[in-house]
Amino acid sequence: MIERIFDLYDDLEKQRFMVAFKGGMSPELISALLDLVEQRLMASEPDPRIRKRVFNVVMECLQNLYHHRHSAAPKDLDAQTEERQGVVLIAHEQAGYSILTGNSMAQDQVSDLKSRLDRVNGCAPEQLHELYKSTLSNGTFTKTGGGGLGLIDIARKSGQKLEYGFVPMDENSTFFSLNVNIASRIEPK
Amino acid sequence: MTDIQLEGTPKTPTVHFDGGSGLLQLRGRSIPENSIEFYKPLIEWIDQYARSPKATTQLRVQLEYFNTSSSKCILDLFKKLEQLRNAGNDVQVLWHYEVDDEDMLEAGEDYQAIINLPFTMIQVEEVDEN
């Protein structure tokens, strides 16, 4: 076990991770992580526009983990002990930032999420902007309030295709991972 | 009616809704996990204010960040003001954005395209967080 700490450290160092966290998500923890990310960005990122985009994407991703968790805990576990488990890794390399998040989700919601991801990835920037406006104005609220804007906003701030994966965990749960890249340079519009 | 005076927090904006002057201010960050809960009393306040509004109502929005959960709630706030304007009142929106924050400017323009209210876009050095 003891050697694995070094291996983990070495891995995180080599991959230029500025933040790595795995555990239960709460509003307090999200605040603490955002505070940390903001401090790191102030030190590492000279362009305030990039800082804002990275901060925005990290915030939306963390809040997705908080809202859309699904406990992979065995059924005999007390519901009270269920935690909103998630993992988040933020890497900073020369080309830009990568915000990786992962959480378990209910198997029966995978196809819906996948189709929304594919829809967003199928849009050119201008189409994504139109999709944002029509989703904002259509008047429906989801129970978390965003009305399905989260992924659209993440994709717009990223400016790149969203990378994602689904790994089945058991018959009811799937592990969902999302990688959002943000380039270090903003291309003029 | 009672004014709304809320101090800002790292996740919620400073709110000053002044019924006496018709000046409504929203400033700072709006990134709470539960935006619906935060905005409900603000939207209800406008409903009440609309029964005897001032000659001019001005909403000043100075946000550094807002999350997608807040964006629908902010739209609801605008819709209430749109009703107030449709009833024959003067209503203005001042949308502030930080220098170079074209994303925030565009967010304001998106609201402007959806809502029938006169928007003025104002560039500031930095959003005042107090």
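Values in this document were obtained by computation on a predicted structure and should not be read as measured data.

Considerations on the sheet that holds strand E5 (residues 90-98) of chain B
Stage number 1. The sheet built from 6 strands is open, its strands ordered E1-E2-E3-E4-E5-E6 (chain B) with mixed pairing. The open sheet has two free edges, formed respectively by strand E1 (4-6) and strand E6 (119-124) of chain B, since each of these has just one partner strand. For this sheet, the mean inter-axis angle between neighbouring strands, taken without regard to orientation, is 15 degrees.
Stage number 2. Taken together, the 6 bridges between E5 of chain B and E6 of chain B define a ladder with parallel strand orientation. Looking across to E6 of chain B, one finds that tyrosine 97 of chain B is bridged to glutamine 123 of chain B.
Stage number 3. Its contacts with the sheet put helix H3 (residues 48-67) of chain A on strand E3 (23-30), strand E4 (56-66) and E5 of chain B, and the angle it makes with E4 of chain B is roughly 85 degrees.

A closer look at the pairing of E4 of chain B
All names here are of chain B.
Stage number 1. Within E4, 9 of the 11 residues are buried, which leaves it mostly tucked inside the rest of the structure.
Stage number 2. Relative to E5, E4 runs parallel, the two being bridged by 7 bridges. Paired with glutamine 62 across the bridge in E5 is histidine 96.
Stage number 3. Handedness of the crossover joining E4 and E5 through helix H2 (residues 68-86): right-handed.

As for the environment of valine 127 of chain B
All names here are of chain B.
Stage number 1. With respect to the helices, strands and loops of the structure, valine 127 is situated in the segment after E6.
Stage number 2. Looking at valine 127, the relative accessible area reads 4%, which means it is buried.
Stage number 3. Separated by 58 residues in sequence, valine 127 and serine 69 place their C-alpha atoms 21 Å apart.
Stage number 4. If sequence neighbours within four positions are ignored, valine 127 has contacts with Arg27, Gly28, Gln62, Leu63, Glu64 and Glu98.

Side note on the sheet that holds strand E4 (residues 163-168) of chain A
Residues and elements named next belong to chain A.
Stage number 1. Strand order in the open sheet formed by 5 strands is E1-E2-E3-E5-E4, with antiparallel pairing between adjacent strands. Every interior strand has two partners, whereas the edge strands, strand E1 (17-24) and E4, have only one. Put simply, the sheet's adjacent strands are angled 10 degrees from each other on average, direction ignored.
Stage number 2. Two strands pair when backbone bridges link them, and strand E2 (residues 85-93) and strand E3 (residues 96-106) are joined in this way by 7 bridges, in the antiparallel orientation. The residue of E3 that forms the bridge with alanine 91 is serine 98.

Here we look at the interface of chain B and chain A
Stage number 1. Across the boundary between the two partners, chain B contributes 27 residues, which contact 38 residues of chain A.
Stage number 2. For the chain B and chain A pair, buried surface summed over both sides reaches about 2700 Å², with 53% attributable to carbon and sulfur atoms.
Stage number 3. Summed over the shared surface of chain B and chain A, the result is 6 salt bridges.
Stage number 4. Here lysine 52 of chain A makes a salt bridge to glutamate 98 of chain B, at a shortest N to O gap of 2.4 Å.
Stage number 5. Viewed at the interface, chain A and chain B are joined by 15 residue pairs in polar contact (both at pLDDT 80 or more).
Stage number 6. Those elements that provide at least two residues to the side of chain B that touches chain A are E4, H2 and helix H3 (102-114) of chain B.

Analysis parameters
Residues numbered from 1 in each chain as written. Chains lettered and ligands numbered in written order. Predicted model: local features only at pLDDT ≥ 70, side-chain atom pairs only at ≥ 80, totals over all residues. Heavy atoms only, no water. Pairing = 2+ DSSP bridges. Helix = DSSP H or I, 4+ residues; strand = E, 2+ residues; numbered from the N terminus. Axes fitted to C-alpha atoms, helices over the stretch in contact; angles between N-to-C directions. Contact = heavy atoms within 4.5 Å. Buried < 20%, exposed > 50% of the residue type's maximum accessible area, 1.4 Å probe, protein only. Right-handed = clockwise from strand over helix to strand, strands pointing away. Buried area = accessible area lost by both parts, 1.4 Å probe. Salt bridge = Lys/Arg side-chain N within 4 Å of Asp/Glu carboxyl O. Polar contact = N/O pair within 3.5 Å; in protein donor to acceptor, adjacent residues only side chain to side chain.

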